[in-house]
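Commentary on secondary and tertiary structure
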Amino acid sequence: MSFGFLIDTTLCVGCEACMVACDERNKLSEEDESYELSVNNYTVVKNKTISDQDIYYRQMCMHCEDPTCVSVCPVAAFEKTPEGPVIYHGDRCMGCRYCIMACPFDVPKFEWNKALPLVRKCDMCYDRIKAGGIPACAEACPTEATLFGDRDELIEIARQRIRDNKDQYYPYIYGLEEAGGTSVLIISSVSLAELGFKMKNFQAAFPKLTWEVMKEIPNVVTFGGVFLYGLWWIINRRIKLQEIPANGDEIPEKEEK
Amino acid sequence: MSAYSLVSRVRSELTFWKIVFFIIIALGLYSTYVRFFHGLGAATNLSDDFPWGLWIGFDVLCGVGLAAGGFTIAAVVYIFNIKRFKTIVRPAILTAFLGYLIVIIAILFDLGRPYRIWHPIIMWNPHSVMFEVGWCVMLYTTVLALEFSPVVFEKLRWSKPLKIIKNFLIPLVILGVLFSTLHQSSLGSLYLVVPEKLYPLWYSPLLPVLFFISAIAVGFAMVIFESYLSSRAFGKNLERPILSELARIVVFVLTLYLVLKLMDFARRDMWHYMFINRTETYFFWAEMLLGIIVPMIMLATPAVRRNQKALFSGVLLVIIGFVMNRLNVAITGMESYAAADYFPSWMEISVTMMVVALGFAAFRMAVKHLPIFEREKPAAIPFTKPVKVKFMTESDKTEKILN
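Per-chain numbering applies: the sequence of each chain, read as written, is numbered from 1 onward. Whichever chain is written first becomes A and whichever ligand is written first becomes 1, with later ones labelled in order. For this predicted model, a pLDDT threshold of at least 70 governs which residues receive local features, and a threshold of 80 or more governs which side-chain atom pairs are given and counted, while totals over whole chains, interfaces and linings are taken from all residues.

A word on the interface of chain A and chain B
Stated precisely, the cut-off is as follows: Note that contacts rest on C-beta atoms placed from the backbone: two residues are in contact if these are within 7 Å. Secondary structure elements are defined from DSSP: runs of H or I of at least 4 residues count as helices, runs of E of at least 2 residues count as strands, and each element is numbered from the N terminus. Asp, Glu, Lys and Arg are counted as charged, while Ala, Val, Leu, Ile, Met, Phe, Trp, Tyr, Cys and Pro are counted as nonpolar; the rest, among them Gly, fall into the polar class.
Counting residues at the interface gives 46 residues for chain A and 45 residues for chain B. Secondary structure elements with two or more residues in the side of chain A that touches chain B: α2 (68–72), α3 (98–102), β6 (109–110), α7 (207–214) and α8 (217–243) of chain A. When residues of the side of chain A that touches chain B are assigned to their parent elements, the largest contribution, 12 residues, is made by α8 of chain A. Grouping the amino acids of the side of chain A that touches chain B by side-chain chemistry returns 32 nonpolar, nine polar and five charged.

What follows is the structure, given as C-alpha cells:
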C-alpha cells in the first residue's frame, strides 16, 4: 500500500498548525520565520489572493512516484519506500547537492552553515507510518485540508469532491501526472499554475531523461572497446606489412619476438 | 641590452610571478580554512537556490574538458599509430593527469562531506549520472597515472616495471578513451534532468554529445596552447608542422560541433531564442562567435596556422569559448530559473586560482625533473624557418650544423 496526502486548499484556513506540528516532530528550530522551504521549514503554508479569494496552500516534499532525487543521488542516499515516503539516509550522503539541483519541486535543502552539512527535507514522518500512525501535519490539521491515506483512495476522494462541487473546484488533481505522479495530491478552487506550481511540460518523470543515456553505457563500452582494439590491430598490421619488402609471391609472415 | 640588465630583468620578472603565486596561495589557504571550518555557506555565494557554482562550473566541468588532450593524443599516437605526434604525447598526458588531480581537489572543496568521497565505490546507484562520472574520473585518473608512470620509471631507471607497463599500453589507452568518452559526455548528461531549469539556448537532449565533441576540440587546442607556452617558458622547440596539423583537426571538430548545434536548434525549432533581448542571448552569441566561428575561420587559414602568434591566439579563443560554454551551462543558464543572482564570492575565486596555480607549479616541477619533452636534438629547428626535415636523417642534420 502506498500512502500519500490529499491537500484541499478550499478547506485550508491558514492556521499553520501543520507547520508547528512539523517543527515539533522534526525538532526544527523556529528561528526561520520566512514562509519558504528551508532546513528549518519542511513545510510552509503560503497565501495568495486570486480574484478576491484568499487561498492558502501548502508546500512540502511531493514524494514523487519516480523521484528525481532517488535517481540522481550518486550514493543512493534517497529511497522511495514501498509505503510512499521518499526518505533520506544521511549516513550515505557526501553533500554533492545534485538532489538540490535536480529536484523539480526544489524541495531538498542544504545545511550551508555547518562544517559537516547534510540535506534536509520532509520524510512524511516515515517512523510514524511504520508504527501504524499518521504524519504529524495531517494529525494536526483541524479542517482535514491535509488528509493522509492510501493514495488510490485519496484519488477517489478527490474525484468525488470535484464531482460533487463542480462550481467550487478547478477540475484537476495536481500530482496525478506531474513529474510522473506524486504521493502528494492537491486540489484547489483555481488552477495550481496560478499558485505558482509547475504544470506546463511537466507530466513525464524526470529520471527517464538521464536513463535514456545511462542505459547506453554498456553498449558504448563493449562496442567502443572492440572497435578501438580492431582499429589498432588493423592499422598496426598494415604498418607491419608495409615494413616488409615485397619479394615475389612469398607470403610475409612476420614473427613476433 | 647589456648582459646585466637582461639578467636583472629576468630576475625581477621571476620574483614578480613568485610574489603573485604566493599571494594566490595565501588567499586560497585562508579561504580553505573558512570553507572547512565554517561551512560552504560562509565561504561561497551558493545557496539552496543556486547549489552549484564556480567550483562545479569551472574547476570540474572545465577542468575535465581541458584535460581531454590526454585521451585524444594518446588515441592518435597509440591506436591510430600516427607516430609523428609522439613528441607531444607526454606533455599531453601530464596535463591531463594534473588536470584530473585538480578536479579531484576541487571536488573535495565542493563536497559537503569530502571525507565520504569514496562512498560511491561501495554505495551504488547505476541510475545516477554523478555516480558514473565519479567512477569514470576515479578509473581514468588511475589510467592516467599508469600512462604517465613510464616517465617516472625512466627517470628512476626501473626497467622492469617499465617493460611491464609498455606491454599493457594499448589496453590502457583503449580504456582511457572509453572512460573519457563516458564521463566527458556524462558531464553534459548531468544537466539532462533539469529541462525546465536550464535556459533553452543551452539545454538540449544532445548535451552529452555536444559536451563530448567540444571536449575533443578543446583537448587538441590545449595541447597546442601548452606547447606554445612550454616553448617560451622552457626554451623547447615548437613542433610547428604537428601543431598546424592539430589545428586543422580542431577546425574539423569545431565544424562538427557547430553543425550539430544548428541541427539541434532546427530540430527543436529554437531559433527565436537566439534573438530575444536578454542577458543569456548576449552570452550565447559571445560564446558562439568568439569561441567557435572566429577561431574556426582563423585556424582554417593556412597563413594563420603558419604564424606562431596567430595560431596561439586562435587556440586561445577556442579555449575561452569552451570555458564560456561550460560556465554558461553551469551558471548563466541557471540564473533566470534560480532568481538568485549568483556570482562567485572572492573566496570561491581564490580557491579556484590556488588550485590552478598549484597545477601550473606541478607542471613546471614535472617538466624540470622528469623526461617530459623529447631530449634536445642537436639540430634545433627554428619555428619560423622552413627546413626540409623529411629528406634529412639525424646524422645529416648534425653534419650540417657542424659545417
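Examining the domain arrangement of chain A
Cut-off, in case you're wondering: The source of the domain bounds is an automatic or database domain assignment.
Domains assigned within chain A are domain 1 (3–205) and domain 2 (216–257). Between the C-alpha centres of domain 1 of chain A and domain 2 of chain A the distance comes to 60 Å.

Remarks on the packing of helix α3 (residues 54–66) of chain B against helix α5 (residues 89–110) of chain B
All names here are of chain B. The cut-off we apply is this: Where helices are involved, their axes are fitted lines through C-alpha atoms of the stretch in contact, as for all axes, and angles between N-to-C directions lie from 0 to 180°. Relative orientations are named as follows: roughly parallel for angles under 35 degrees, roughly antiparallel for angles over 145 degrees, roughly perpendicular for angles from 65 to 115 degrees, and oblique for any other angle. Throughout, a crossing is termed right-handed when the near helix is turned clockwise from the far one, and left-handed when it is turned anticlockwise from it by less than a right angle.
Across the interface, α3 lies against α5 with an axial gap of 9 Å and an inter-helix angle of 160 degrees. Taken as axis vectors, α3 and α5 run roughly antiparallel relative to one another. Between α3 and α5 lies a crossing of left-handed hand. Residue-level contacts link Trp 55, Ile 56, Asp 59, Val 60, Gly 63, Val 64 and Leu 66 of α3 to Gly 99, Ile 102, Val 103, Ala 106, Ile 107, Phe 109 and Asp 110 of α5. Its residues assigned to classes, the contact of α3 with α5 comprises 10 nonpolar, two polar and two charged.

Re the pairing of strand β2 (residues 44–50) of chain A
Residues and elements named next belong to chain A. Where we set the bar: Here a strand pair is declared whenever DSSP counts at least two bridges between the two strands.
Direction of pairing for β2 relative to strand β3 (residues 53–59): antiparallel, over a ladder of seven bridges. Across the sheet, the residue bridging to Lys 46 is Tyr 57, located in β3. The loop that links β2 with its antiparallel partner β3 comprises two residues; one of these, Ser 51, has a positive phi angle of about 40 degrees.

Observations regarding helix α9 (residues 169–189) of chain B
For clarity, the threshold we go by: Every helix has an expected span of 1.5 Å times one less than the residues it contains. Counting other C-beta atoms within 10 Å of its own, a residue is labelled buried from 20 upward, exposed at 12 or fewer, and partly exposed in the gap between, with every C-beta atom placed from the backbone.
A rise of 1.5 Å per residue sets the reference length of α9 of chain B, with its 21 residues, at 30 Å; its end C-alpha atoms lie 30 Å apart and thus fit the reference within 8%. Burial within α9 of chain B is extensive, with 18 of its 21 residues counted as buried.

Brief notes about the nonpolar core
Residues and elements named next belong to chain B. This is how it is decided: By convention in this section, buried Ala, Val, Leu, Ile, Met, Phe, Trp, Tyr and Cys residues joined through C-beta atoms within 7 Å make up a nonpolar core.
Membership of the largest hydrophobic core comes to 179 residues, with the highest contact counts inside it found for Ala 217, Ala 221 and Val 250. In terms of residue count, helix α10 (residues 207–233) provides more of this core than any other element does, 14 residues in total. Each residue touching Ala 221, except ones within four places of it in the same chain, is listed here: Val 250, Val 315, Val 318 and Ile 319.

Thoughts on the packing of α5 of chain B against helix α7 (residues 129–156) of chain B
Residue and element names in this part refer to chain B. It is at 9 Å that the axes of α5 and α7 come closest, and there the two elements cross at 140 degrees. α7 is crossed by α5, and the crossing has left-handed handedness. Taking contact as the criterion, the partners of Arg 90, Ile 93, Leu 94, Ala 96, Phe 97, Tyr 100, Val 103 and Ile 104 in α5 are, on α7, Val 137, Tyr 140, Thr 141, Leu 144, Ala 145, Glu 147, Phe 148 and Val 151. Looking at side-chain class alone, the contact of α5 with α7 contains 13 nonpolar, one polar and two charged residues.

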